[in-house]
Every structure is written in C-alpha cells, then in structure tokens.
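A closer look at the structure
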Amino acid sequence: MPVILIANPKGGVGKSTLATNTAGYLARRGHAVMLGDVDKQQSARRWLSLRTAELPLIRGWELDAEQQTVKPPKGVSHVVMDSPAGLSGKKLRALYKLADKILIPLQPSLFDIQATFDFVQKLQELRAENEGRGAGKAPQLAIVGMRAKEGTLSVQQLQDFLPELAVPVLGLLRDTQNYVQLAARGMTLWDVAPSRVERDLAQWLPVTAWLEAANA
C-alpha cells in the first residue's frame, strides 16, 4: 500500500491543495484512496465532507472505537497524508518511516525557500540515519513549485535555487483560481471536464508520472 506524504514545515505553501489533488488523481485512476490529516486543522477532513457521492470515492481515517485511534479503512490501496506546519522531531521521524514517497510543495518566496532548504537537509539526515541502521528503503523525495506566476522575479529566484536542493523537481503549478474554486466544492482537477482545466492538467503530467512510478 503506497503511502504518499505531502510535507513542508512552512505553513501556507499549498500542502492541502497538493494533497487533495493527488488523492483526486489516484481516485480517478480507479485506486482505493484514503486522504488523511496529520494536521490539527483537519483541512483534508473538511474537504472530504464537501465531496459529493457521484465523484470518485476518497475515504478518510477510520476510527477504532475500542482503542480510540485512527487507521486506514480496509481495502485501501493508496494513502495520501496531509501534514501540519512545523512538522519536526518525533512526528517527522514517524511519518518518514511510514512514507514511500514524500512530495514537498514550495512557493516562490524567500522565506519558503529557506525553510524548504532546511527541511530537505533534515530529510537527508534521516535518510543517512536509517541507512546506518539498515532500516530499509528510504522514501523517494520530489518537489513541486506552487502558485507560480510566470515571468515574475520570485519564480526566477525559485528556479535559480532549485538545483541546490539536489531533489527532483516535478514542475511548477501556476497560480490560478481553479484550485480555489474546485476545493470549495470538494473537487479536484480530475472531477471536471478536461477542457476546462487543460493547462493545469498538463502541468501535473510529471507529478502523476512520479506518483505512478514504483519506488526505485
């Protein structure tokens, strides 16, 4: 069961947008998908409550009434986890061990770039620690630029910086109201006519290819 973690300790970088659309893509492909929060804001749970029955099913955490814990529902084939701002310490270590892939959203701003650089360094440290303990295969990492406005200085600065991270960059997703309007109805790019979001779907092609690829 592949576990895809959407993570960046910086708040407001587009984690929930990336998480919901990742889950939406996998559901549209026919996978049995769970979208779960590890975020006190419970953004994913609220989004799921807006989703109508005729859309491809995306499930949330299942509550174990006896143990008062949450777990993936039975039959789930793919798990997408939306993580909180400030992710660090024991929680980061636990999620790192669970994840098969970690997708890191990054906005074109100086503060986001600095925070993401530090976060990637921490993930690399965790990888080295796990390898030293023989703890098994490390999760694949990739970065997606969010809310990118073409032709702006901030996007140029981001593109100049990305090679320093030594992490695959899957592309830049443009700043558009499509994500906002669809989220308000519990929907994703894959829940509307492709002609309506054609440009956005094209930008997602490298992301979806990475999601579908098996771990190396």
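Residues numbered from 1 in each chain as written. Predicted model: local features only at pLDDT ≥ 70, side-chain atom pairs only at ≥ 80, totals over all residues. Heavy atoms only, no water.

A closer look at the side chain of Thr116
Residue position: Thr116 is located in helix α4 (residues 110-133). According to the relative accessible area criterion, Thr116 is buried, its value standing at 0%. Only 2.9 Å separates the side chain of Thr116 from the side chain of Asn8, close enough to count as a polar contact. Setting aside residues no more than four positions away along its own chain, Thr116 makes contact with Asn8, Ile104, Leu106 and Leu165. (Helix = DSSP H or I, 4+ residues; strand = E, 2+ residues; numbered from the N terminus. Buried < 20%, exposed > 50% of the residue type's maximum accessible area, 1.4 Å probe, protein only. Polar contact = N/O pair within 3.5 Å; in protein donor to acceptor, adjacent residues only side chain to side chain. Contact = heavy atoms within 4.5 Å.)

Some points on the packing of helix α1 (residues 15-28) against helix α7 (residues 198-212)
When two helices pack together, their arrangement is given by the angle between their axes and by how far apart the axes lie. For the pair α1 and α7, interaxial distance at closest approach is 11 Å and the crossing angle is 65 degrees. Considering the angle they form, α1 stands roughly perpendicular to α7. In this structure, α1 crosses over α7, and the sense of that crossing is right-handed. On the side of α1, the interface is formed by Leu18, Asn21, Thr22 and Tyr25, while α7 contributes Trp204, Thr208, Leu211 and Glu212. Classifying every residue of the contact of α1 with α7 gives 4 nonpolar, 3 polar and 1 charged. (Axes fitted to C-alpha atoms, helices over the stretch in contact; angles between N-to-C directions. Parallel < 35°, antiparallel > 145°, perpendicular 65-115°, else oblique. Left-handed = near helix turned anticlockwise from the far one by under 90°. Nonpolar A, V, L, I, M, F, W, Y, C, P; charged D, E, K, R; others polar.)

Comments concerning the sheet that holds strand β9 (residues 169-174)
Taken in spatial order, the 7 strands make up an open sheet running β3-β2-β6-β1-β7-β8-β9, and their pairing is parallel. Since the sheet does not close on itself, it has two edges, and those belong to β3 (58-59) and β9, each with one partner. Judged from the 4 bridges that link them, strand β1 (residues 3-6) and strand β6 (residues 78-82) form a sheet pairing that is parallel. Across the sheet, the residue bridging to Ile6 is Asp82, located in β6. Lying over the sheet, α1 contacts β1, β2 (33-37), β3, β6, β7 (101-106), β8 (140-148) and β9, oriented at roughly 170 degrees with respect to β6. (Pairing = 2+ DSSP bridges.)

Regarding α7
With 15 residues, α7 extends 20 Å from end C-alpha to end C-alpha; this agrees with the ideal 21 Å at 1.5 Å per step. Of all the bends in α7, the largest measures some 45 degrees and sits at Leu205, one to four residues before the proline Pro206. (Expected span 1.5 Å × (residues − 1). Bend = angle between axes of the 7 residues up to and from the residue.)

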